[in-house]
Amino acid sequence: MVLHKYGEKLYSGLVSTMTWHLKAIAKNIELSQGNLFLEELNRKWTDHNKALQMIRDILMYMDRTYVPASHKIPVHELGLNLWRDHIVHSNKIQTRLLNTLLDLIYQERNGEVINRGLMRSSTKMLMDLGSSVYIEDFEKPFLDISSSFYSVESQQFIESCDCGNYLKIAERRLNEETERVSHYLDLKTEAKITSVVEREMIENHMQRLLHMENSGLVKMLIHDKYEDLKRMYDLFRKVPEGLSAIRVLLTSHLRETGQQLVNDPECLKDPVEFVQRLLNQKDKHDKIINLAFNNDKTFQNALNSSFEYFINLNNRSPEFISLFVDDKLRKGLKGANEEDIEYVLDKVMMLFRYLQEKDIFEKYYKQHLAKRLLSSKTISDDAERSMIVKLKTECGYQFTSKLEGMFTDMKTSHDTMQDFYSKMSEMSEIKEGPTLVVQILTTGSWPTQPSVSCNLPPEILVICERFKSYYLGTHNGRRLTWQTNMGTADLKAAIVRIMKSRRVLDHNSVVSEVTKQLQSRFLPNPIVIKKRIESLIEREFLERDKTDRKLYRYLA
């Protein structure tokens, strides 16, 4: 017919025949009852597609020649348009189809099992008819009714659930909608429907969820509810200003609790406990940010700014942090190794960074370090030097130059004493008597100490003069000022002297004699005296009586 110039007649005959046929099909579909409606619609749609394929094959020549030349709609597209106009957009089918689809989704949301295959066939039909048909005939009404559904549901749950359970429901609903899309909706619908759920269930209730009494953000933080906090973070990040709302309340909570901590009178009585509680708070919230808040830099910044705020509310914080370090470097950690000490020092450095008055910390740290070095009460020179390296890295050479100078003085003093006794040995001037250990401290590097007069025993004065002559003779132009108040006297000398003259003495008498001899210079502690006696027994200067354990005998 096309060859004989009857293309127009053939094409118009196709349109009228298909139109008549589809109107008859529409009446059959309209007559289907209840659940059979979708089944009948999909069966007729399948039949129509098969017929359309056959018609296109039969009229292929017309489709290739007459249709483009006459600017007509191709056969397959024509068949789809006629189905759309006479079936999907028929007065009695269009609304019924939409309501049926929406009703099935409502049933599924309420836990009922529906025929997802039938749903998929129906929505795919709409998509095959063109994206505008799917969007206008289904997607827009679907999103509108979903918004209403979740608005009502969220209000019901917000009134009856705590924050943690509400978030679980919101998370479940989001997952369900994502799954629903994957089974029978257009994939482009996913972003739109999840946006609806996020708006209705999260965005519209953010502040109420955050501030829920006994279950909101603050309670989650206090009780380390990592899973709930992570769920909150993951859900709130999906909505505008969601994470900002969490950060604002987190910051407020941190500042309030931190302020209470640094102003707690009980806590201020114990500097070590004060700093330990700060470290505990830092560790606690570091863990929360790591496990629940995806290690979010903005949350870390909020944590840091909060700590800096409240640590500096207490003007004794620099001193207390230095005292904490002093405690750890003097006593160490129970059962800890050097790695553990290093870990604690790194933690302390985090607090140090928050200090606004680092020069005050330096002043106290210098005093505490001096006492540790001069009394030989540091657990490890390596740990001491490691701390100085950390301070140097943080604040530069000027900050630690005097601290490093103190270590240099200790090394120099050790070498000097070795040389002094070597010289005395060569000159045969070493006699029985006390051993002098001098620490030569460079003025300026060490904390200034008021010079206190001390009545030294004659035997000590003699050896002090010998050392002074040696030192000034070796170092021209230098001046020595004795700081006896910064030194210590070994009690063993006094105990040996007493036992040597008395030979046998009971414990209480030894304590009494030692106290009597030394009280003009200082009052010795009986516990320390006992320790010195034990040391002399170990070194076989003394021994206990075999019958009376409180009786000592001189051996040397």
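Preceding this paragraph is the structure being described.
For the structure given in this document, a descriptive report is provided here. Predicted model, so just to flag it, every value in this text is computed and none were measured.

### A closer look at the pairing of strand E3 (residues 551-554)
- Burial along E3 is one-sided: Tyr 552 and Tyr 554 are buried, while Leu 551 and Arg 553, pointing the other way, are not.
- Here strand E2 (residues 542-544) pairs with E3 via 3 bridges, running antiparallel. Within E3, the position partnered with Arg 544 by the bridge is Tyr 552.
- Hairpin geometry of E2 and E3 is characterised by an intervening segment of 6 residues between the two adjacent antiparallel strands.

### Examining the packing of helix H14 (residues 242-262) against helix H16 (residues 271-291)
- At a closest axis distance of 11 Å, the pairing of H14 and H16 adopts a crossing angle of 165°. Comparing their axes, H16 and H14 come out roughly antiparallel. For the pair H14 and H16, the crossing hand works out as right-handed. Across the interface between the two elements, His 253, Leu 254, Thr 257, Leu 261 and Val 262 of H14 pack against Phe 274, Arg 277, Leu 278, Gln 281 and His 285 of H16.

### Some words on the packing of helix H13 (residues 226-236) against H16
- The N-to-C vectors of H13 and H16 enclose an angle of 50°; their axes lie 9 Å apart at closest approach. When the axes of H13 and H16 are compared, the pair comes out oblique. As for how H13 packs across H16, the hand of that crossing is right-handed. Taking contact as the criterion, the partners of Tyr 226, Leu 229 and Lys 230 in H13 are, on H16, Lys 287, Ile 288 and Leu 291.
- Split by residue class, the contact of H13 with H16 holds 4 nonpolar, no polar and 2 charged.

### Some points on the side chain of Glu 139
- The topology assignment puts Glu 139 in helix H8 (residues 131-160).
- By relative accessible area, Glu 139 is classed as buried at 3%.
- There is a polar contact of 2.7 Å between the side chain of Glu 139 and the side chain of Lys 192.
- Ignoring anything within four residues of it in the chain, the contact list for Glu 139 reads Tyr 134, Lys 188, Thr 189 and Lys 192.

Thresholds, definitions, all that
Residues numbered from 1 in each chain as written. Predicted model: local features only at pLDDT ≥ 70, side-chain atom pairs only at ≥ 80, totals over all residues. Heavy atoms only, no water. Buried < 20%, exposed > 50% of the residue type's maximum accessible area, 1.4 Å probe, protein only. Helix = DSSP H or I, 4+ residues; strand = E, 2+ residues; numbered from the N terminus. Pairing = 2+ DSSP bridges. Axes fitted to C-alpha atoms, helices over the stretch in contact; angles between N-to-C directions. Parallel < 35°, antiparallel > 145°, perpendicular 65-115°, else oblique. Left-handed = near helix turned anticlockwise from the far one by under 90°. Contact = heavy atoms within 4.5 Å. Nonpolar A, V, L, I, M, F, W, Y, C, P; charged D, E, K, R; others polar. Polar contact = N/O pair within 3.5 Å; in protein donor to acceptor, adjacent residues only side chain to side chain.

Purely geometric stuff here, so don't read any function into it on its own.
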